[in-house]
Amino acid sequence: MPLWFEHMGAVGWPLGLCSLLAGALILERLHVFLVLAPLRQAARQAALTACRDCNSQACERLWRSDRQGWGQALGLLLEHRRLASAQREDLLGCWLLEERQRLGRHLRLLQLIGVLAPMLGLLGTVLGMVAMFADIAAVAQPVTPALLADGLWQALYTTVWGLCIAIPALAAGQGFALWAERYLEGVQALLNRCHLALDGLELTPGTAVAGWASA
């Protein structure tokens, strides 16, 4: 067993499990977000043009451009463009809900690890200090500063590891949540415009559309 792991004492295994789980979740979420196609201005304009003109070839290209993001929603909208407006709104609302759940998956668990890890580290520090003072009480010779410093260093070791696990986990959880929210807001705005374009309507600057997006 490595010496640094032994210094963490009884909470070493829980902290090790938290670190492995947090690392795996961060990498998995990072992969999910990196494969999302960005909403560039050219792609937005192409999507609006395809919806306005109902160009089947353009629809097919856009649908296949991003099967796991906004392209999938646009493909569903274009495929069901002959449905009534209310039915298309329901379809897009369901897709947005499922996409929000997909992008937000495991983020609560990351935040839980970020809260739990420093608590485990603090518990390890308290247990280490209890053991340190018990050892000091059993020693008949005078207590030296070097003896206290050595015991305190080992006791505080778990707190350091707990914080090293918690900071990336909390940062990743909050960062991915903000990333998902910003992405979905852009997708929702684009789908609103595409939905109107299918009905022959256009947004002009400074106007707002009330509809399923505000629900």
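Residues numbered from 1 in each chain as written. Predicted model: local features only at pLDDT ≥ 70, side-chain atom pairs only at ≥ 80, totals over all residues. Heavy atoms only, no water.

**With respect to the packing of aromatic side chains**
Evaluation of the coordinates by the stated rule reveals four aromatic pairs. Consider the rings of Phe33 and Trp179, whose centres lie 5.0 Å apart with planes at 40°: the pair is tilted. Pair noted here: Phe33 is in helix α2 (residues 12-34) and Trp179 is in helix α8 (residues 145-198), with a separation of 146 residues, a long-range link. Accessibility expressed as a relative area gives 1% for Phe33, which makes it buried. An aromatic cluster is present here, built from Phe33, Phe176 and Trp179 joined pairwise through their rings. (Phe/Tyr/Trp six-rings, centres within 6.5 Å; stacked < 30°, edge-to-face > 60°. Helix = DSSP H or I, 4+ residues; strand = E, 2+ residues; numbered from the N terminus. Buried < 20%, exposed > 50% of the residue type's maximum accessible area, 1.4 Å probe, protein only.)

**A look at helix α6 (residues 85-103)**
Between its first and last C-alpha, α6 extends 27 Å over 19 residues, near the 27 Å set by a 1.5 Å rise per residue. Listed in full, the buried residues belonging to α6 are Arg88, Leu92, Trp95, Leu96, Glu99, Arg102 and Leu103. On an axial view of α6, the arc spanned by its buried residues comes to 120°, and they lie on one face. Counted as exposed and oriented over 90 degrees from the buried face of α6: Asp90 and Glu98. (Expected span 1.5 Å × (residues − 1). Arc of directions from axis to C-beta.)

**A few points about the side chain of Arg29**
Secondary-structure assignment places Arg29 in helix α2. Among the polar contacts made by the side chain of Arg29, one reaches the main-chain carbonyl oxygen of Arg102 at a distance of 2.8 Å. A distance of 3.2 Å separates a polar side-chain atom of Arg29 from the backbone oxygen of Leu103. The contacts of Arg29, once residues within four sequence positions are left out, are Arg102, Leu103, Gly104, Arg105, His106, Leu107 and Phe176. (Polar contact = N/O pair within 3.5 Å; in protein donor to acceptor, adjacent residues only side chain to side chain. Contact = heavy atoms within 4.5 Å.)

**Some remarks on the pattern of salt bridges**
Close approach of charged atoms allows side chains with opposite charge to pair. With the rule as written, the count across this model stands at two salt bridges. When the shortest N-O distance is used, the salt bridge between Arg29 and Glu28 registers 2.8 Å. By relative accessible area, Arg29 is classed as buried at 2%. The salt bridge partner of Arg102 is Glu99, with a shortest N-O separation of 2.8 Å. Taken together, the positions of Arg102 and Glu99, both in helix α6 and three residues apart, correspond to about one turn of that helix. (Salt bridge = Lys/Arg side-chain N within 4 Å of Asp/Glu carboxyl O.)

**Some details on the packing of helix α3 (residues 41-53) against helix α5 (residues 70-79)**
At a minimum axis distance of 11 Å, the contact between α3 and α5 shows a crossing angle of 10°. Considered as vectors, α3 and α5 are oriented roughly parallel to each other. Every residue of α5 that contacts α3 at Ala43, Ala47 and Cys51 is listed here: Trp70, Leu74 and Leu78. Across the contact of α3 with α5, the residue classes break down as six nonpolar, no polar and no charged. (Axes fitted to C-alpha atoms, helices over the stretch in contact; angles between N-to-C directions. Parallel < 35°, antiparallel > 145°, perpendicular 65-115°, else oblique. Nonpolar A, V, L, I, M, F, W, Y, C, P; charged D, E, K, R; others polar.)

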